[in-house]
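Structure at a glance
Chain residues, written in single-letter form:
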Amino acid sequence: MSTPTRRYHVPSAVRRSSPRIEPDAARELIAQGALLVDVRRHEDQEIWLEGAVRIPPDEIPGKLAELPRDRPIILVCT
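Since this is a predicted model, take the numbers as computed values, not measurements. (Residues numbered from 1 in each chain as written. Predicted model: local features only at pLDDT ≥ 70, side-chain atom pairs only at ≥ 80, totals over all residues. Heavy atoms only, no water.)

**Some points on the pairing of strand β1 (residues 35-38)**
Neither face of β1 is exposed, since Leu35 and Val37 on one face and Leu36 and Asp38 on the opposite face are all buried. With four bridges connecting them, β1 and strand β3 (residues 73-76) associate as parallel partners. In the sheet register, Val37 faces β3, and the bridge partner there is Leu75. Taken together, the two bridges between β1 and strand β2 (residues 53-54) define a ladder with parallel strand orientation. The residue bridging Val37 from the neighbouring strand is Val53, located in β2. (Buried < 20%, exposed > 50% of the residue type's maximum accessible area, 1.4 Å probe, protein only. Helix = DSSP H or I, 4+ residues; strand = E, 2+ residues; numbered from the N terminus. Pairing = 2+ DSSP bridges.)

Here's what the structure looks like:
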């Protein structure tokens, strides 16, 4: 039996979503020091977001200790 290579998440249709903010509010938070995290998978290389850290959804649980606790974090998926 092979080991799965990806973790799957509960679809957003059946779980509570994080609060969503408008682009202008996100830009303001980033200007004030918020961390921008691009949550698209590594295979999706077409668009790069300047200043963003790329952490695909599968990797977020293993990277939680690396994320700041003293400033807002904005997750983006374009």
